[in-house]
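Geometric and topological summary
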Amino acid sequence: MAPARAAVRHLPRAPRAVVGSNVPRREGLEKLTGRALYVADLDVPGAWWGVTVRSPHARARILSIERDLGADGARAVVVTAEDLLRAGRDNVVHLIADDQPFLAHRSVEHAEEAVALVAAPTREEAERAAARVRVRYEPLEPVLDFERAETIHKTCAIDKGDVAAAFAGAARVVEGTYRVGHQEHAYIEPNGMVAWPRIDGVRLVRGSLQCPFYVHAALTRLFGEPAEAIRVAQTSTGGGFGGKEDYPDLVAGHAALLADACGRPVRLLYDRAEDMVATTKRHPGRIVHRTALDAEGRLLGMDVEVLLDGGAYVTLSPVVLSRAVIHAAGPYRCANVRIRGRVVKTNTPPNGAFRGFGVPQVAFALERHLDRVARAAGLDRVELRRRNLLADGETTATGQAVIDAGASRQALDAVLKRSRFAATARAHARFNRRHAHLRRGLGLACFFHGSGFTGNGEIRLASEVALELLEGGRVRVLAAATEIGQGTRTVFAQIVAQVLGLPYEAVETVDPDTALVPDSGPTVASRTVPIVGRILADAARELDAVLARRVGRPPGRPWTRRDFAGAAALHLDAGGERRVTARFSNPSGQRFDETRYVGDAYAAYAWAAAVAEVEVDLTSFETRVLRVVAAQDIGRAIHPRLAAGQLEGGLTQAVGWALFEEVVARDGRMANGQLTNYILPTAIETPPIELVVLERPFAHGPFGAKGIGELPMDGGAPAVVNAIADALEIDLDRLPATPERIAAAWLAARPERRRA
Amino acid sequence: MRGDLAALEVLRPRRLAEALAALADSDRPCPIAGGTDLYVALNEGRAPARRFLDLSRLDELTGLETTPSGLRLGARTTYTELRASRLVRRRAPVLAEMAASVGAIAIQNRGTLGGSLGNASPASDPAPVLLALDAAVELAARDGRRVVRRRVPLDRFFIGYRETAARPDELIVAVLLPSSALEGWRYAYRKVGTRRAQAISKVVAAVGLELGARPRRIAAARIAYGSMAPTPVRARAAEAALAGRAPTSAAGRAAARALLAEDLHPIDDLRSSADYRALVAGRLLESLLGALGGFRPGLDD
Amino acid sequence: MKLRLEVNGRPRSADVPPMKRLLDVLRDDLRLTGTKEGCGEGECGACAVLLDGELVNSCLVPACQADRRAVTTVEGLAAPDGSLHPVQQAFWEKGGAQCGICTPGMLVAAVALVERARRPSDAEIREWLAGNLCRCTGYVKIVEAVAAAARARRPGAGARRPKRVKR
């Protein structure tokens, strides 16, 4: 089988082009030789081992905590909420609503909630001591079903046009209800932190994380200490996908509290089982669609209800809901839209960020629904989408006039062409006639994703980066964005090198340390390249201007290492600053009304389409994905190979969510919290993936680049499930589409099949 | 991981007699071969014993050979060895097929037949195939200064959920396949797992048919299932439904009906549902019978 | 027990409890932290090493069973002068690593394959690597890298074949 090839339309290259080429990866060699140090690899002499004592109950009052550790705990320390408060700490994990404690105090709100912390010189001692911590609970009745939950974390509403009128005058109305379950990140490296006690006025924490300044903010709040008193440094991080966006705040706080209590460094490293049951997951949801069409199959009105399960604490739920609601009507033209969103509290571990951040959930619902709409209206499902895709200047549900929406049509055409959609569908029909017990099908999805923080979030973040002059004509990039597999350090070096015209090797990058880098915001929301990369480009242009002025040459001309070194030396000798900083400047002028949900929700949307081909075995109802073809508009590929890697990885996570990945809960606790029973795709399940990478420059991204990390996750699942539904002519409205659900739908569709 | 492995003792005998003497001891050690199941429990902090008996030096438990009565597979035979063995591929290729479906390469290199049969998980991958092959287990124990051996047919070996007919002082030393099963019989096997590799089975079926030529009849059948009852089981009612019949989709359907009515007792669990298992077990049977008997299974007709 | 074994071609020894996991002996006692723990269940393959040339999950192997045997870890793949093993080189060129946590086990598994199969097909590569989970790459570039490494490999070139010790 031929390896997947990305068809990339390259823009004309500047001489000595660094951006747009597959330069050697900055972080690459150490990962290939086993020298990269992940948090569990750190050699920390004298470190103690930390263990977290967790609630077995989904909801309970804490009556007492007894800590007579006996001989088992002779050397151990225990920290509870009482200890924390007595020491004057603030028992709050600072995020949005400040409702989550580091340690449960009088009540637990979810199973596996942290109730106490234990540290001892060895793991075995810490475990034995932890087993002696006796917590007395009074169990209470938990709320576990989000569809019946009443406590609301957040609501969100979008109103555009006149939905009532649209439905009144519609030729046809189609309804559908869709459900998605949790998804567990299953990064191959579990969460972990190492914390040191306060030394020379500074508490240091090192570990696996995506957002060093989130951790920093959480710890300054916990300890009530100023910014300089907390230092957070990222170790090589083995995958994040959003699962290490906010959860590390908890791990870091716990580790720091233990280090504080025992006066020694503490390693708090989760094993797989703990990580799976205790940490955040993708928000489950129920999405209800009512869609009004005219006689020509154009969308007249869309009425969508989005209900998400936020778990026990607010954490990031308002932002997930916000993004879900904004994307719920999809990349389609519709003058009359009503969207109501709610994220509710259940007594389950809080859900959080996961690649896509609300969009995969609503994209699944919408793209499954459009196939239903097409069938009901007697329309071809490709034509229905094509007829309704947004064109330039037309408005989204929030009334944002989109630019470059032509990319969505281009993506659709690209996947149809590359998958030979019509011919393949005919081939499947022939195959299905010839095979009694195999069925093949094709599925399509069109989807989109806004880059950067929603609404005015980027303005509020006010991200900052710096460039530092080094000896020998080199420059160091200082930003808080973390490398978690996407190649952050590489693309940053490429951008800065290209702007300055310096060789790639002249630009250095570091893993973020809050003592060394300014806060360029979290590594989330597909913002690393378009937002932070753009600010870096601005900083580089500023640096170029400063040095060019210094030596009296025109700005914007490529530097040789020698000339650059000379200019830098002159600059520093004359008392110039070693560092140039730049801030987010809102280059697109984007503005959003966050009360009415009207306006420009994002500076840019990126557009994509995917086609999946599947074969379902009617003996076992197992699905084999034969192929996925995806086209994605990324603005500009800074590093084509890394970009392709993001698309391939995201699509594979989508296939996993579509077919295999299910969190089975019992009494509010994940019962299948092992990799034996939470099923990830292996190399065998993962289909060949063919990519068409579209480069249509985004005016405000560095070299035209948009965000790419999340979009491939957004639409893969509906493409796969649409293909299964196509193959078997059944309705599948819930994820994952397991063999059990497919079998049940198959039998339900043709009751005569049920054998006596 | 959790738990403390430092306190665990291991005995590492080089000779079977020594190993059996250790098992006869009142402080009985837990045997370990490849460790692919045991170490999952140890990693979770659930050590089944304080003392262990490492079998990895016992050459007497290795070997894949032809004997006058059939094939003898040492208990320490790994799945990799089954796949690589020319003898197995020639005389019992269904075993190699099964071995390829176990875990993934790193597990196949370490997991053993004896380990799987001794654990007696209802989801044991080799058990259904060995049941269809009419296998027997050879057990050995110490009796004074002698080593005594006995054979137990595999279809009488699994006596309860994770319980075997082996006495606590006995070791599985070999699996025996009779010549009668290796000639004149055809076998088919299919595992439906949570995914195609590294999967615990939801339903696993092995079917053997002895077909008479003129007239074309099913002379005998051996059908075995895993993950469908507290133990791996022979599906006797389904076998009886086939005896003497022509291999047709009607026969397949009759066998499937008998299978579900009498032989199998699927449950709901973390991995799957009773309904799905029942549905697929029947379909698998018809499908495998069709492949062996040369007919198109009815399934949804 | 006094564990004596050969690791990446060098004799090593350690005083360890006999049932300690080989994974922990490598990481803690021998300070070879290249091999990772991803699950402790033998599912993810991040802990994969070669034991007498055979691919195993070191989280499932007791130290006593590694006594007098040869272990190869990711640290042993590159040549003493630092030049990369052809499999590492192929991963480098094709982009076979993203976050890198699965990479050590994946490389070791890949080395075991290219030493056995001349021209493994795409399906054979995928089957061989099915015990090494990757959450980042979708396996696309990993499979490409292994195919390229298999093509590049010449008999005799590449990693030393570890000594086969009779069990």
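Residues numbered from 1 in each chain as written. Chains lettered and ligands numbered in written order. Predicted model: local features only at pLDDT ≥ 70, side-chain atom pairs only at ≥ 80, totals over all residues. Heavy atoms only, no water.

Before going further, it helps to spend a moment on the overall build of chain A. Within chain A, the secondary structure is distributed over 19 helices and 28 strands. For chain A, whose C-alpha radius of gyration is 26 Å, the value lies close to the compact-globule estimate of 27 Å for 756 residues. Across the 756 residues in chain A, those meeting the buried criterion constitute 67%. Considering only residue pairs separated by 6 or more positions, chain A has 81% of its internal contacts joining residues 24 or more positions apart. When the accessible area of chain A is evaluated, it comes to approximately 24900 Å², of which 49% is carbon and sulfur surface. For chain A, the centre of its 96 positive side-chain charges and the centre of its 90 negative side-chain charges are spaced 4 Å apart. (Helix = DSSP H or I, 4+ residues; strand = E, 2+ residues; numbered from the N terminus. Rg over C-alpha atoms; globule rule 2.2 N^0.38 Å. Buried < 20%, exposed > 50% of the residue type's maximum accessible area, 1.4 Å probe, protein only. Contact = heavy atoms within 4.5 Å. Areas by Shrake-Rupley, 256 points an atom, 1.4 Å probe, with all protein chains shown as cover. Lys, Arg positive; Asp, Glu negative; His and termini not counted. Charge placed at Lys NZ, Arg CZ, Asp CG, Glu CD.)

This part takes up the side chain of A:Arg553. Residues and elements named next belong to chain A. Within the element layout of this structure, Arg553 appears in the loop between helix H15 (528–551) and helix H16 (561–573). It is Asp563 that comes nearest to the buried, bridge-free Arg553 among opposite-charge side chains, at 4.1 Å. Side-chain polar atoms of Arg553 contact the backbone oxygen of Arg557, separated by 2.9 Å. Reaching out from Arg553, the side chain makes a polar contact with the backbone oxygen of Pro558 at a distance of 3.2 Å. The residues contacting Arg553, other than those within four sequence positions of it, are Ala548, Pro558, Trp559 and Asp563. (Salt bridge = Lys/Arg side-chain N within 4 Å of Asp/Glu carboxyl O. Polar contact = N/O pair within 3.5 Å; in protein donor to acceptor, adjacent residues only side chain to side chain.)

In this assembly, 34 residues from chain B lie in contact with 38 residues from chain A. Across the chain B to chain A interface the summed buried area is about 2900 Å²; carbon plus sulfur atoms make up 49%. Of all residues in chain B, the largest losses of buried area upon contact with chain A belong to B:Arg195, B:Arg196 and B:Leu270, amounting jointly to 24% of the total for that side. The interface formed by chain B and chain A contains 5 salt bridges. One salt bridge connects A:Asp271 with B:Arg2, and the closest N-O pair in it is separated by 2.8 Å. If you look at where chain B meets chain A, you find 16 residue pairs in polar contact (both at pLDDT 80 or more). Those elements giving two or more residues to the side of chain B that touches chain A turn out to be strand E11 (185–193), helix H11 (249–263) and helix H12 (274–293) of chain B. (Buried area = accessible area lost by both parts, 1.4 Å probe.)

All names here are of chain B. By the element assignment, Val102 lies in the loop between helix H5 (93–100) and helix H6 (105–108). When the C-alpha atoms of Val102 and Gly298 are compared, they prove to be 29 Å apart, with 196 residues separating the residues in sequence. Not counting chain neighbours up to four residues away, the residues in contact with Val102 comprise Tyr79, Ile107, Gln108, Asp125 and Lys191.

All right, on to the interface of chain C and chain A then. Think of interface size as the accessible area that goes away when the parts come together; that is how it is often given. Taken together, the contact pairs 42 residues of chain C with 56 residues of chain A. Counting each side, the surface lost to burial between chain C and chain A is near 3800 Å², with a carbon and sulfur contribution of 59%. Its largest share of buried area at the contact with chain A, chain C owes to C:Trp92, C:Gln98 and C:Arg135, together 23% of the area lost on that side. In this assembly, chain C and chain A are joined by 4 salt bridges. Between A:Asp41 and C:Lys36 there is a salt bridge, with the nearest N and O atoms lying 2.6 Å from each other. Broken down by secondary-structure element, the contributors of at least two residues to the side of chain C that touches chain A are helix H2 (86–94), helix H3 (103–114), helix H4 (122–128) and helix H5 (140–152) of chain C. Sorting elements by how many residues they give to the side of chain C that touches chain A places H2(C) first, with 5 residues. Of the residues belonging to the side of chain C that touches chain A, the class tally is 17 nonpolar, 10 polar and 15 charged. (Nonpolar A, V, L, I, M, F, W, Y, C, P; charged D, E, K, R; others polar.)

Time to look at the domain arrangement of chain B. Residues and elements named next belong to chain B. When its domains are assigned, chain B resolves into domain 1 (5–54), domain 2 (59–180) and domain 3 (184–293). One C-alpha centre belongs to domain 1, the other to domain 2; they are set 19 Å apart. The interface of domain 1 with domain 2 comprises 16 residues on the first partner and 17 residues on the second. Carbon and sulfur atoms supply 65% of the area that domain 1 and domain 2 bury against each other, a total of about 1300 Å² over both sides. (Domains from an automatic or database assignment.)

Another aspect to go through is the sheet that holds strand E7 (residues 134–139) of chain A. Within a sheet, adjacent strands bond to each other through the backbone by hydrogen bonds, running parallel or antiparallel. Within the open sheet, the 3 strands sit side by side as E5-E3-E7 (chain A). Their pairing is antiparallel. Pairing within the sheet leaves two strands with one partner each, and these edge strands are strand E5 (107–108) and E7 of chain A. (Pairing = 2+ DSSP bridges.)

This paragraph deals with the pattern of salt bridges. Residue and element names in this part refer to chain A. Inspection of the entire model under this criterion finds 101 salt bridges over all chains. A salt bridge links Arg61 to Glu138; the shortest N-O distance between them is 2.9 Å. In this pair, Arg61 sits in strand E3 (residues 60–66) while Glu138 sits in strand E7, placing the two residues 77 residues apart along the sequence. Between Asp90 and Arg221 there is a salt bridge, with the nearest N and O atoms lying 2.8 Å from each other. Taken together, the residues Asp90 in the loop between helix H2 (81–86) and E5 and Arg221 in helix H5 (residues 212–223) connect sequence positions 131 residues apart. Take Arg221: its relative accessible area is 29%, and that puts it in the partly exposed class.

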